[in-house]
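# Tertiary structure, described
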Amino acid sequence: MHNRQETALAWRIKQAKLPEQWSLSSFPFARQPGVNRKQIHAFAELEFVAKAENIVLIGNTGVGKTGLASGLLLKALENGFRCQFIRAQDLFDEMYASLADRSSRQLLNRLARLDVLLIDELGYLNLKPEQSNIFFKLMEERYHRHSTIITSNLVFDEWRNFLGNQAMVDALLSRLRHYCHTVHINGPSLRDPQG
């Protein structure tokens, strides 16, 4: 039975497309004073998933946003939730491709019903209005139904610059932030220069 559970978990991790199996136990909290360890361990209790709340991790490149978000996603996977990791660029590329072959509805249905969707590296993208519209629709369909974890190097005020349409961005942020934990990581880069 234990073997079956491990096989099922391995399959779920593969389906979730986690790039690396970062876990919260391996996160270098001692090297990142900008992260509140207690807060992250509270998130790891997964109450935010039960309440369909969002988590947005904001900070500079290399501060550990993706590691923390992936660690939380792994925890959700270990607890049997349906999850997916996707880089923002890949998500918007998929959305654009879905317009061409008219599969946007299937894409939205698949992403909207995940218990936890992790969108990594949101920001610094050049988006077409159609991509922003589908993204808004996705967030609208996930609103107060399922949890979304987003990592970004941009504070909320800067989201208008890449998502365009101000009224739509205001509506998106209103939904996203209504049931949301926003974590600002002000700390050093964890990526040591090599060589």
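Refer to the structure above for everything that follows.
Here the structure is a predicted model, which means the values were calculated and not measured. (Residues numbered from 1 in each chain as written. Predicted model: local features only at pLDDT ≥ 70, side-chain atom pairs only at ≥ 80, totals over all residues. Heavy atoms only, no water.)

## Here we look at the overall build of the protein chain
Cut-off, in case you're wondering: Secondary structure counts use DSSP, requiring at least four H or I residues in a row for a helix and at least two E residues in a row for a strand, with both numbered from the N terminus. A radius of gyration in this sense is built from C-alpha atoms; the matching globule rule multiplies 2.2 Å by the number of residues raised to 0.38. Note on definitions: a residue-residue contact is assigned when non-hydrogen atoms from the two residues lie within 4.5 Å.
Tallying secondary structure elements over the protein chain gives nine helices and five strands in all. Relative to a compact globule of 195 residues, whose C-alpha radius of gyration would be 16 Å, the protein chain shows 17 Å and is just as compact. By principal-axis analysis of the C-alpha atoms, the protein chain measures approximately 45 × 40 × 40 Å. When contacts within the protein chain are restricted to residue pairs at least 6 apart in sequence, those whose partners lie at least 24 apart make up 83%.

## Quick look at the side chain of R142
Defined as follows: To sort residues, take the accessible area from a 1.4 Å probe on protein chains only and compare it with the maximum for the residue type: under 20% means buried, over 50% means exposed, and anything in between is partly exposed. His is not counted, nor are the chain ends; Lys and Arg add positive charge and Asp and Glu add negative charge. Salt bridges are defined by distance alone: a side-chain nitrogen of Lys or Arg within 4 Å of a carboxyl oxygen of Asp or Glu. The term polar contact refers here to a pair of N or O atoms within 3.5 Å; inside protein, the definition further demands a hydrogen-donor-capable atom paired with an acceptor-capable atom, and it admits residues adjacent in sequence only when both atoms are side-chain atoms.
Mapping R142 onto the fold places it in helix α7 (residues 129–142). Buried charge without a partner: R142 forms no salt bridge, and the closest opposite charge is D115, 7.4 Å away. Looking at R142, its side chain comes within polar contact range of the side chain of T148, at 2.8 Å. Ignoring sequence-local partners within four residues, the contact set of R142 consists of L111, A112, R113, L114, D115, V116, L117, S147 and T148.

## Some words on the sheet that holds strand β4 (residues 147–152)
Going by this rule: Pairing between strands requires that DSSP locate at least two bridges from one strand to the other. Note on definitions: angles span 0 to 180 degrees between N-to-C directions of axes, and those axes are lines fitted to C-alpha atoms, for helices only across the stretch in contact.
The five strands lie next to each other as β2-β3-β4-β1-β5, forming an open sheet whose pairing is parallel. Each edge of the sheet is formed by a strand with only one pairing partner; in this case those strands are β2 (83–87) and β5 (180–185). Each strand axis lies, on average, 10 degrees off the axis of its neighbour in the sheet, ignoring direction. As paired elements, strand β3 (residues 116–122) and β4 share five bridges and run parallel to each other. What sits directly across from L117, in β4, is T148. Sitting on the sheet, helix α4 (residues 65–78) is in contact with β1 (54–59), β2, β3, β4 and β5, with an inclination near 160 degrees to β2.

## Comments concerning unusual backbone geometry
We note that R102 has phi near 55 degrees; this positive angle belongs to a residue other than glycine. With respect to the helices and strands, R102 occurs in the loop between α5 (88–100) and α6 (104–112). One non-glycine residue with positive phi stands out, namely E121, at about 65 degrees. By the element assignment, E121 lies in strand β3.

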